[in-house]
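Residues per chain are reported as follows:
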Amino acid sequence: MARPLATEPAQLDPIDRTLITALQDGLPLIERPYAALADALGISEQAVVDRIAALLERRVLTRFGPMFDVARMGGAFVLAALAVPDERWDAVCEQVNALPEVAHNYRREHALNMWFVLATERPQGIDAAIARIEAETGLPVYAFPKEREFFVELKFTV
């Protein structure tokens, strides 16, 4: 589910900044990845878990979890967009975000102002999810299937 962005700049201490920067490289595939991160940060494993939870709660982080290539697992995904009237934005956002197939959702300054990613276990699930969104919102969904893939490794030092 998409989380609204924070409305004010976050106050981050040096450990939070280092933690966020480190998380961009992913966690090691070991039995206790948070412990390894804790050792590098000089804090306890529980403090790492607590800090991640707090960053999510404060909406400094909007998502924390693994990234899967759903297509390689037999599923499908598509970038989709809606043209949502401003006065209906919140209601339509809730409707779209309520779907388990919606990975994330964001607003753009464009005629197609709501963009989201649909991911389904099977390719035919995409059409079903689109039909459900159109039925529930009364708005047409514009689907943009992937033509080719690009890997953009964008990282920020926080």
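To keep things clear, this report deals only with the structure shown in the data block. (Residues numbered from 1 in each chain as written. Predicted model: local features only at pLDDT ≥ 70, side-chain atom pairs only at ≥ 80, totals over all residues. Heavy atoms only, no water.)

**Digging into the pattern of salt bridges**
Working step 1: If you walk through the whole model with that rule in mind, you get 7 salt bridges.
Working step 2: Here Arg 58 makes a salt bridge to Asp 16, at a shortest N to O gap of 3.9 Å. Of this pair, Arg 58 sits in the loop between α3 (45–57) and β1 (76–82) while Asp 16 sits in helix α1 (residues 14–23), placing them 42 residues apart in sequence.
Working step 3: Residue class for Asp 16 comes out buried when judged on its relative accessible area of 7%.
Working step 4: Where Asp 25 meets Lys 155, a salt bridge forms, and the shortest distance between an N and an O atom there is 2.3 Å. Of this pair, Asp 25 sits in the loop between α1 and α2 (33–41) while Lys 155 sits in the segment after β4 (142–144); the two residues are 130 residues apart in sequence, bridging distant segments of the chain.
Working step 5: For Lys 155, a relative accessible area of 37% puts it in the partly exposed group.
Working step 6: When salt bridges with common partners are traced through the structure, they connect Asp 13, Asp 16, Arg 51 and Arg 58 into a single cluster. (Salt bridge = Lys/Arg side-chain N within 4 Å of Asp/Glu carboxyl O. Helix = DSSP H or I, 4+ residues; strand = E, 2+ residues; numbered from the N terminus. Buried < 20%, exposed > 50% of the residue type's maximum accessible area, 1.4 Å probe, protein only.)

**Structural notes on the packing of α1 against α3**
Working step 1: Between α1 and α3, the shortest axis-to-axis distance is 11 Å and the interhelical angle comes to 90 degrees. On the basis of the axis angle, α1 is roughly perpendicular to α3. Contact with α1, carried on its side by Ile 15, Asp 16, Leu 19, Ile 20 and Leu 23, involves Val 48, Arg 51, Ile 52 and Leu 55 of α3 and no other residues of that element. (Axes fitted to C-alpha atoms, helices over the stretch in contact; angles between N-to-C directions. Parallel < 35°, antiparallel > 145°, perpendicular 65-115°, else oblique. Contact = heavy atoms within 4.5 Å.)

**So, the packing of aromatic side chains**
Working step 1: Counting across every chain of the model gives 1 aromatic pair.
Working step 2: Their ring planes at 25 degrees and their centres at 5.3 Å tell us that Trp 115 and Phe 144 sit as a pair that is stacked. Here Phe 144 lies in strand β4 and Trp 115 lies in strand β3 (residues 114–120), a separation of 29 residues in the sequence.
Working step 3: Residue classification places Trp 115 among the buried residues on the basis of a relative accessible area of 10%. (Phe/Tyr/Trp six-rings, centres within 6.5 Å; stacked < 30°, edge-to-face > 60°.)

**Remarks on the packing of α2 against α3**
Working step 1: Closest axis-to-axis distance for the α2/α3 pair is 8 Å, and the angle between their directions is 100 degrees. The angle between α2 and α3 falls in the class roughly perpendicular. Contacts from Tyr 34, Ala 35, Leu 37, Ala 38 and Leu 41 of α2 reach α3 at Glu 45, Val 48, Val 49 and Ile 52.
Working step 2: Each residue belonging to the contact of α2 with α3 can be placed in one class, and the counts come to 8 nonpolar, no polar and 1 charged. (Nonpolar A, V, L, I, M, F, W, Y, C, P; charged D, E, K, R; others polar.)

**Re the sheet that holds β3**
Working step 1: With antiparallel pairing, 4 strands are arranged side by side in an open sheet as β2-β3-β1-β4. Both edges of this open sheet fall to β2 (102–107) and β4, since each of them pairs with a single strand only. With strand direction ignored, the average angle separating the axes of adjacent strands in the sheet is 25 degrees.
Working step 2: Bridge count for β2 against β3 is 4 bridges, and the pairing is antiparallel. Across the sheet, residue Tyr 106 finds its bridge partner in β3, namely Trp 115. (Pairing = 2+ DSSP bridges.)

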